[in-house]
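# Summary of the model geometry
Single-letter residue listing:
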Amino acid sequence: MPQESSHRPRPHRVAVLVDEGTNPFEVGCVTELFGLPRPELGLPGPLYETTLCGPKPGIRMNHGFFTLADVPGLDAVDDADTLVVPGRPDNVVPRVPAVLDAIRRAHARGARVLSLCTGSFALAEAGLLDGRRAATHWLWAESFRRLHPRVLLEPDVLFVDDGDILTAAGSAAALDLGLHVWRRDHGAEIANAVSRRLVFAAHRDGGQRQFVERPVPDVPDESLAPLLAWAQERLGEPLTVADLAAHATVSPATLHRRFRAQLGTTPLAWLTAERVTLARRLIERGEERLDVVAARSGLGTAANLRARLRRETGLSPSAYRRRFGTRSREAVRA
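What you see is a predicted model; the values in this text were computed from it and never measured. (Residues numbered from 1 in each chain as written. Predicted model: local features only at pLDDT ≥ 70, side-chain atom pairs only at ≥ 80, totals over all residues. Heavy atoms only, no water.)

Two elements in contact, helix α1 (residues 24–35) and helix α5 (residues 173–186), have axes separated by 10 Å at closest approach and are oriented at 20°. In terms of orientation, α1 and α5 fall into the roughly parallel class. Crossing of α1 against α5: the hand is right-handed. Residues Cys 29, Leu 33 and Phe 34 of α1 lie in contact with α5, whose contacting residues are Ala 174, Leu 175, Gly 178, Leu 179, Val 181 and Trp 182. Looking at the contact of α1 with α5 residue by residue, the class counts come to eight nonpolar, one polar and no charged. (Axes fitted to C-alpha atoms, helices over the stretch in contact; angles between N-to-C directions. Helix = DSSP H or I, 4+ residues; strand = E, 2+ residues; numbered from the N terminus. Parallel < 35°, antiparallel > 145°, perpendicular 65-115°, else oblique. Left-handed = near helix turned anticlockwise from the far one by under 90°. Contact = heavy atoms within 4.5 Å. Nonpolar A, V, L, I, M, F, W, Y, C, P; charged D, E, K, R; others polar.)

By secondary structure assignment, the location of His 180 is in helix α5. When near neighbours in sequence (up to four residues on either side) are disregarded, His 180 contacts Phe 159, Asp 161 and Leu 166.

We now examine the packing of helix α11 (residues 290–297) against helix α12 (residues 302–313). The contact between α11 and α12 brings their axes to 8 Å, and the two run at 80°. On the basis of their axis angle, the class for α11 and α12 is roughly perpendicular. Between α11, through Leu 290, Asp 291, Val 293 and Ala 294, and α12, the contact on the second element is made entirely by Ala 302, Leu 305 and Arg 306. Of the residues that constitute the contact of α11 with α12, the class distribution is five nonpolar, no polar and two charged.

Here we come to empty space enclosed by the protein. Using the criterion set out here, one finds two cavities of 30 Å³ or more in the structure. Approximately 60 Å³ is the volume attributed to the largest cavity. If you go around the largest cavity, the residues you meet are Leu 17, Asp 19, Thr 22, Val 85, Pro 86, Gly 87, Arg 88, Arg 95, Val 99 and Ala 122. Residue composition of the lining of the largest cavity, grouped by class: five nonpolar, two polar and three charged. Approximately 50 Å³ is the volume attributed to the second largest cavity. Lining the second largest cavity, in full, are Val 30, Leu 33, Phe 34, Val 84, Leu 114, Leu 116, Ala 174, Leu 177 and Gly 178. Those elements giving two or more residues to the lining of the second largest cavity turn out to be α1 and α5. For the lining of the second largest cavity, the per-class residue count stands at eight nonpolar, one polar and no charged. (1 Å grid on protein atoms, 1.4 Å probe; cavity = no way out; pocket = protein on both sides within 12 Å on 5 of 7 lines; lining within 4 Å. Points joined across faces, edges and corners; volume = space filled by probe spheres on them.)

Looking now at the environment of Arg 296. Here Arg 296 shows up in helix α11. Relative accessible area serves as the criterion here: at 49%, Arg 296 is assigned to the partly exposed category. Residues Arg 296 and Leu 235, 61 residues apart in the sequence, show an inter-C-alpha distance of 7.3 Å. Discounting residues that sit within four places of it in the chain, Arg 296 has contacts with Leu 235, Gly 236, Leu 278 and Leu 282. (Buried < 20%, exposed > 50% of the residue type's maximum accessible area, 1.4 Å probe, protein only.)

A pair can form between side chains of opposite charge whenever their charged atoms are brought close. Within the structure shown, the criterion is met by 21 salt bridges. The salt bridge partner of Asp 101 is Arg 104, with a shortest N-O separation of 2.9 Å. Here Arg 104 and Asp 101 lie together in helix α2 (residues 97–108), a separation of three residues that amounts to about one turn. Among the salt bridges present, the one from Asp 185 reaches Arg 112, with a minimum N-O distance of 2.9 Å. (Salt bridge = Lys/Arg side-chain N within 4 Å of Asp/Glu carboxyl O.)

What follows is about a nonpolar patch on the surface. There is a patch of nonpolar side chains on the surface, built from Val 92, Val 93 and Leu 147 and spanning about 260 Å² of accessible area. Its place among the elements puts Leu 147 in helix α4 (residues 141–147). (Patch = residues over 30% accessible without salt bridge, like charges linked within 9 Å, V, L, I, M, F, W, Y side chains within 5 Å. Areas by Shrake-Rupley, 256 points an atom, 1.4 Å probe, with all protein chains shown as cover.)

The next point concerns the sheet that holds strand β10 (residues 165–168). Reading across the sheet, the six strands line up as β2-β1-β5-β6-β10-β9 and stay open at both edges, with mixed pairing between neighbours. With partners counted over all chains shown, the strands left at the sheet margins are β2 (48–53) and β9 (159–161), one partner each. With direction set aside, neighbouring strand axes in the sheet form an average angle of 15°. As judged from the three bridges shared by β9 and β10, these two strands associate in the antiparallel manner. Directly across from Asp 161, in β10, lies its bridge partner Leu 166. (Pairing = 2+ DSSP bridges.)

An α-helix turns once per 3.6 residues; consequently, residues spaced three or four apart project the same way. With nine of its 11 residues buried, helix α6 (residues 188–198) lies for the most part within the structure. Those residues of α6 that fall on the buried side of the exposure criterion are Ala 188, Glu 189, Ile 190, Ala 191, Asn 192, Ala 193, Val 194, Ser 195 and Leu 198. With its phi angle positive at about 55°, Val 199 sits one or two positions after the end of α6.

In structure tokens, the structure reads:
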């Protein structure tokens, strides 16, 4: 009797390119996102496998806080499915040629390339971003434009997903981009499980503003948290921006200003993003009736669901179900 195959797909290999002056926080973000065991997912093995690499064995980190020892060489880039390039503060200092060659080499053979914070300077210096959309930290936006005028810089967003190249803005936006990669690779349900362990917002859209004004609130407290929790429990209802404003006992214009100040987005964009995320989770859990998914998520019609899902993921509902549905996850567990 033939034995059941025990073959499982190998983990997705992530290489983190550390260079002189690299910011340790961003390296920590990548480790937390892709380098730790995920028992909360209930899977038999890791989905990602992460390694550091660099131009020499000893890498002095930003401001000399510490030195990484025994760092593998840049040959590790050649085995990576995803290459991550963290930032460093001395952005006008050219990278060593070996680092730029490694970045070019990874991209040329089809690896996905991510930059975090000012790591986008290295990608631009390597020539990967000419004519392409990218993000970087707002503080260095003007410097980036002067050095790399052919890049289509989007200076006021959290991150940019340009297909095989993804760029995050500030250091904390590395977590937003990392969770976006989890959603892209494994669906909203698994990404939400990861975000819960991180105790981090499950979904902040890449188009949200980097720099969000947070004035000291007057009494009464103007925090949106109670309103957001109330709305998330009622996504299947025909909620409108006017309904949100009425529940918060403010005018729609005031609500709009508070959303912009506290979340960097609009009430309608937030509501739509929450509904799409709920629809994705329903599909992943096995609901096949699109009209039911559309109704329960508040997207109204199957046609609107199809349009929103394709805009968000590039997939039709059936293709999304095949890729991220319950059966797909069971196949990984088997």
